[in-house]
Protein chains: 2
Amino acid sequence: MNKSEQKFYDIFTELQCFILANMSKGEVNGVTATHYNIIEYIYRHDKCTGKQVAKAFNISPPAISRQLKFLIENNLIAQEQSSLDRRVFNLSTTDNGKFIVDSSENFRERVAKKVSKSLTKNELESLTSLLSKVMTEIVENQT
Amino acid sequence: MNKSEQKFYDIFTELQCFILANMSKGEVNGVTATHYNIIEYIYRHDKCTGKQVAKAFNISPPAISRQLKFLIENNLIAQEQSSLDRRVFNLSTTDNGKFIVDSSENFRERVAKKVSKSLTKNELESLTSLLSKVMTEIVENQT
DNA sequence: GGTAATATTTAACAAAGTTAACTAATTTTG
DNA sequence: CAAAATTAGTTAACTTTGTTAAATATTACC
């Protein structure tokens, strides 16, 4: 790695530690961070399937199956058997689930607010655009 | 959230999902990502204590204690009772541990390389400096 | 010198991941 | 078109790794 890459590496290390430390645990509104993330995913991908959720979070189908069961039992999400393919269950958020997502002052929102306070509007937009460029590249060319 | 904040929020969501999906599991060189991160931390903070590691990864002392035990048993790190305070054990990496860190083409390194390919030198430096500014602000003012 | 605090470990337990094996539905193919 | 293969999801058994509570050993403080 050259010097610029090394500097980026170091700051990315810090960012990664921060994200991992802040996201892996904690409970708000009676749901854990993992539960919340799943609810939010389903909220933003209405009618998605368990398979898709498993892929998005990179965990095995049985693990997702158990999480979904919990969320259904607690009336945060709902599933409906697809009429096109009856193996498939389409997921959606209940009013309770939506309420939690809408009212959740979540980790990312707090970060976004802090970030917008510490940067000028131009800097924020520049950061967003650079990150966006990078993410497109990284996410598409995954091994 | 205003429009700029919202855009940042969205891209940060993507980044967070990416980090969580890529870091939370996986095994290289016979150690899991968690083990690797602890070894690397000790590598970069020679003579640090279990307490410090626990704080850095935001997990409880018993959890770290078990991880350290595993790493010691597998000859990846070593501990030495401090002569100044015999409650404390100073941690260091063994040659095996150092080897793993040195030879690990790890997640962050791959990201850094991809990022440096998709951005110009100026853009990369700008991104690093913006992220750095943001991290200082965020990490210091944690709740 | 007795009490409080600190670093670490042990024990008991809970959450959430894994693989393997199963069901039910759909698709492929000879 | 029926048998075989594939796919989405679940159940069961197990492992890893987190937690809290309690124990140990050491140090710090009136």
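About the cut-offs
- Residues numbered from 1 in each chain as written.
- Chains lettered and ligands numbered in written order.
- Predicted model: local features only at pLDDT ≥ 70, side-chain atom pairs only at ≥ 80, totals over all residues.
- Heavy atoms only, no water.
- Near = heavy atom within 4 Å.
- Polar contact = N/O pair within 3.5 Å; in protein donor to acceptor, adjacent residues only side chain to side chain.
- Helix = DSSP H or I, 4+ residues; strand = E, 2+ residues; numbered from the N terminus.
- Nonpolar A, V, L, I, M, F, W, Y, C, P; charged D, E, K, R; others polar.
- Least-squares fit on C-alpha atoms with pLDDT ≥ 70 in both.
- Contact = heavy atoms within 4.5 Å.
- Buried < 20%, exposed > 50% of the residue type's maximum accessible area, 1.4 Å probe, protein only.
- Salt bridge = Lys/Arg side-chain N within 4 Å of Asp/Glu carboxyl O.
- Buried area = accessible area lost by both parts, 1.4 Å probe.

Peer 1: An account of the protein's contact with DNA strand C is needed here, citing residue identities and associated values.
Peer 2: In the neighbourhood of DNA strand C, 20 residues make up the surrounding shell, with A:Ser60, A:Arg66, B:Lys51, B:Ser65 and B:Arg87 lying closest. Of everything in DNA strand C that lies within 4 Å of the protein, sugar and phosphate atoms constitute 64%. A:Arg86 places a polar main-chain atom, nitrogen or oxygen, 3.0 Å from a phosphate oxygen of DNA strand C. Backbone polar atom of B:Phe89 to a phosphate oxygen of DNA strand C: 3.4 Å apart, as the coordinates give it.

Peer 1: Tell me about the protein's contact with DNA strand D, residues and numbers included.
Peer 2: Looking at DNA strand D, there are 19 residues lining it, with A:Lys51, A:Ser65, A:Arg87, B:Ser60 and B:Arg66 nearest. Among atoms of DNA strand D positioned within 4 Å of the protein, sugar and phosphate together represent 64%. Between DNA strand D and the protein, one listed contact pairs a phosphate oxygen with a backbone N or O atom of A:Gly50 at 3.4 Å. Between DNA strand D and A:Ser65, the relevant distance is 2.5 Å, taken from a phosphate oxygen to a side-chain nitrogen or oxygen of the residue. When contributions to the surface near DNA strand D are tallied by element, the ones reaching two or more residues are helix 3 (50-57) and helix 4 (61-73) of chain A together with helix 4 (61-73) of chain B. Looking at the surface near DNA strand D residue by residue, the class counts come to seven nonpolar, six polar and six charged.

Peer 1: Go over the relation of the copies chain A and chain B with me, naming the residues and quoting the values.
Peer 2: If you rotate chain A by 179 degrees and push it 0.0 Å along the axis, it lands on chain B with an RMSD of 0.2 Å. In the structure described here, the two chain copies are related by an operation that fits a two-fold rotation axis. Scanning chain A for the C-alpha nearest the rotation axis identifies A:Leu127, at a separation of 3.1 Å. Mapped onto chain B, 95% of the interface residues of chain A are again interface residues, and the two copies thus contact each other with one and the same surface.

Peer 1: Any details on unusual backbone geometry? Residues and values, ideally.
Peer 2: Trans is the prevailing form of peptide bonds, just as negative phi is the prevailing case for residues other than glycine. All names here are of chain A. Positive phi outside glycine occurs at Asn 58, with the angle close to 55 degrees. Not every positive phi belongs to a glycine, and Asn 75 is a case in point at roughly 60 degrees. Within the secondary structure layout, Asn 75 lies in the loop between helix 4 and strand 3 (77-81). Residue classification places Asn 75 among the partly exposed positions, given a relative accessible area of 41%.

Peer 1: Please provide a residue-by-residue account of the pattern of salt bridges, values included.
Peer 2: A side chain with one charge may pair with a side chain of the opposite charge, provided their charged atoms come close. According to the stated counting rule, one finds 10 salt bridges over all chains in the structure shown. For B:Glu40, the salt bridge goes to B:Arg108, with nearest N and O atoms at 2.7 Å. Placement of the pair is B:Glu40 in helix 2 (residues 33-44) and B:Arg108 in helix 6 (residues 107-118), with a sequence separation of 68 residues. Of the two residues, B:Glu40 and B:Arg108, both sit in the buried class. B:Lys121 is paired through a salt bridge with B:Glu125; the nearest N and O atoms lie 3.1 Å apart. Residue B:Lys121 and its partner B:Glu125 are located together in helix 7 (residues 121-140), separated by four residues, close to a single helical turn. The exposure class assigned to B:Lys121 is exposed, which follows from its relative accessible area of 59%. Overlapping salt bridges bring together A:Glu40, A:Arg44 and A:Arg108 as one network.

Peer 1: Explain the interface of chain A and chain B residue by residue, including any values.
Peer 2: Of the residues lining the interface, 57 residues belong to chain A; the matching set on chain B comes to 54 residues. With both chains or domains summed, chain A and chain B bury close to 5,700 Å², and 72% of this area falls on carbon and sulfur atoms. Connecting chain A to chain B are two salt bridges. Among the ionic pairs, B:Glu123 bridges to A:Lys133, the shortest N-O distance being 3.0 Å. Among the elements of the structure, helix 1 (3-23), helix 2 (33-44), helix 3, helix 6 (107-118) and helix 7 (121-140) of chain A are those that each provide at least two residues to the side of chain A that touches chain B. Among the elements that take part in the side of chain A that touches chain B, helix 1 of chain A stands out by supplying 17 residues, more than any other.

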